[in-house]
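Results of the structural survey
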Amino acid sequence: MKNIETVEKIIFYSMCGFFLVNLHSTALGNAFLAVGLVLTVYRLWLKHDDIPERFTVGKKCYVAFSAFWVIVLSSCFLSGDVTHCLSAFFKDYVFKVAGFLIIMVACYEKRRLLILIMIEVAVITFNGFAAVYAFLMFNQRTGGQLAIMVMAGLLSIVVPVLISATVLTRGKKCLISVASVAFFAIVAVANGTRGAWVAIVLTAFISVCFMMESWKKRVLVVLVSVLLVAGSVMSGGYVGGRVQSIFKASDRSSMERFYLWQSAYNMFDDNKVLGVGLSRFGGLYKKKYILPEARQPQLYHAHSNVFMVLAECGGLGLIALLALWGQMVWFGLGGWLKTRQFAYIAFFCITSGLFIQGLTEYNMGNTAVMKFFWCSLAVCMQLININAKSELCEGR
């Protein structure tokens, strides 16, 4: 027993190191993650009869992910470059997801989970200050010390959670929450990614509406949201210009996305069932599928999770992906309606934020964002498990 506790403690420390460095150093983050993964396998070898109970909550999510996993793997085996596709599969759907498994197996104490949350929030907040400083100094879009799209993906996940938490806080905690939301709103402006703005607004809107118990409050949320969006559209300057460009089909970046999506659809049209194979979009796009009107032949992804999966994994892959997202969204919202536990609404915000931003950005291919995503979901799952156990003990 002491041996298991020692192994779990080392795993926890490795995850602390991972959370601390992952966003700024992929190599160092991978080293911490690899240590945690190896020790997790060793922990399972020492004792594994206690693991199934940690996966009882959210069974349908695990089934949906397994179905998507199998379809993507099948696409790899039936592609024109099996070795290349399997390498991408291991990277995207094994190693990037490893943090979820590690936390579910070895990080099940509430104190440790809260420490992991605090480390990640501190790292993102520090980078937020760097982003705001750079924006004020150079008057241009910035991700701080991170790439712009990495920070955009993180903001799409974190800000809706903070806004939802603000609804539940009272007194001094409410002031701290409001200040945090205001700060990250400024960071989002400095980042300037329109897809992230849309993801934050829509996810927070849905979340807050579900959290409000009276229809009057929900109507108030709708009115405030409409006024904020309308004000942004009509305002001038940097923010107004970025918001207005969302609605302009003639915007150059929007047109390039349309061309990419048409190319992705053409790939699907030639390989309807299982697509062209994982991570083959970039090579085939340049060789065969790029449209004459497109001006960015160097792109290697479709700027959309939906179109990327459609092209690389076919119709079956897209159906499985949408089923997975739908199940995860309902797990979060349905769990909140049944239990009123914040971990469920946080699970929804994390999932929805990534999915909505992913409609116009291939964030599933972003290593730092996806590792953060899976680790965040695991923390939510463990908090839900802890609450479920607590309620079961009280019932007895």
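Remember, it's a predicted structure, so these values are computed and weren't measured experimentally. (Residues numbered from 1 in each chain as written. Predicted model: local features only at pLDDT ≥ 70, side-chain atom pairs only at ≥ 80, totals over all residues. Heavy atoms only, no water.)

Another point: the overall build of the protein. For the protein, the helix and strand inventory stands at 16 helices and zero strands. Based on the C-alpha atoms only, the size of the protein along its principal axes is roughly 65 × 55 × 40 Å. Counting over 396 residues, the protein shows a buried share of 51%. Taking as baseline every contact in the protein between residues at least 6 positions apart, the subset at least 24 positions apart corresponds to 75%. Total accessible area on the protein is roughly 18900 Å²; 69% of this is exposed by carbon and sulfur atoms. Of the charged side chains in the protein, 35 are positive and 19 negative; the average position of the first set lies 6 Å away from that of the second. (Helix = DSSP H or I, 4+ residues; strand = E, 2+ residues; numbered from the N terminus. Buried < 20%, exposed > 50% of the residue type's maximum accessible area, 1.4 Å probe, protein only. Contact = heavy atoms within 4.5 Å. Areas by Shrake-Rupley, 256 points an atom, 1.4 Å probe, with all protein chains shown as cover. Lys, Arg positive; Asp, Glu negative; His and termini not counted. Charge placed at Lys NZ, Arg CZ, Asp CG, Glu CD.)

On to the layout of surface pockets, then. Size it by volume and the second largest pocket reaches roughly 950 Å³. Elements with a contribution of two residues or more to the lining of the second largest pocket: helix H6 (110–138), helix H7 (148–168), helix H8 (171–191), helix H15 (342–357) and helix H16 (367–395). Sorting elements by how many residues they give to the lining of the second largest pocket places H6 first, with eight residues. Counted by class, the lining of the second largest pocket contains 23 nonpolar, five polar and three charged residues. (1 Å grid on protein atoms, 1.4 Å probe; cavity = no way out; pocket = protein on both sides within 12 Å on 5 of 7 lines; lining within 4 Å. Points joined across faces, edges and corners; volume = space filled by probe spheres on them. Nonpolar A, V, L, I, M, F, W, Y, C, P; charged D, E, K, R; others polar.)

Moving on, we get to the environment of Ile10. Inspection of the secondary structure puts Ile10 in helix H1 (residues 2–21). Along the primary structure Ile10 and Ala106 are separated by 96 residues, whereas in three dimensions their C-alpha atoms are 9.6 Å apart.

What follows concerns empty space enclosed by the protein. Using a probe with the size of a water molecule, rolled over the atoms, empty space left in the structure can be pinpointed. By the definition in use, this model includes two cavities of 30 Å³ or more. By volume, the largest cavity amounts to about 110 Å³. Phe65, Phe68, Asp92, Tyr93, Lys96, Leu321, Leu324, Trp325, Met364, Met370, Phe373 and Trp374 together form the lining of the largest cavity. Elements with a contribution of two residues or more to the lining of the largest cavity: helix H3 (59–77), helix H4 (82–95), helix H14 (305–339) and H16. In the lining of the largest cavity, the residues fall into 10 nonpolar, no polar and two charged.

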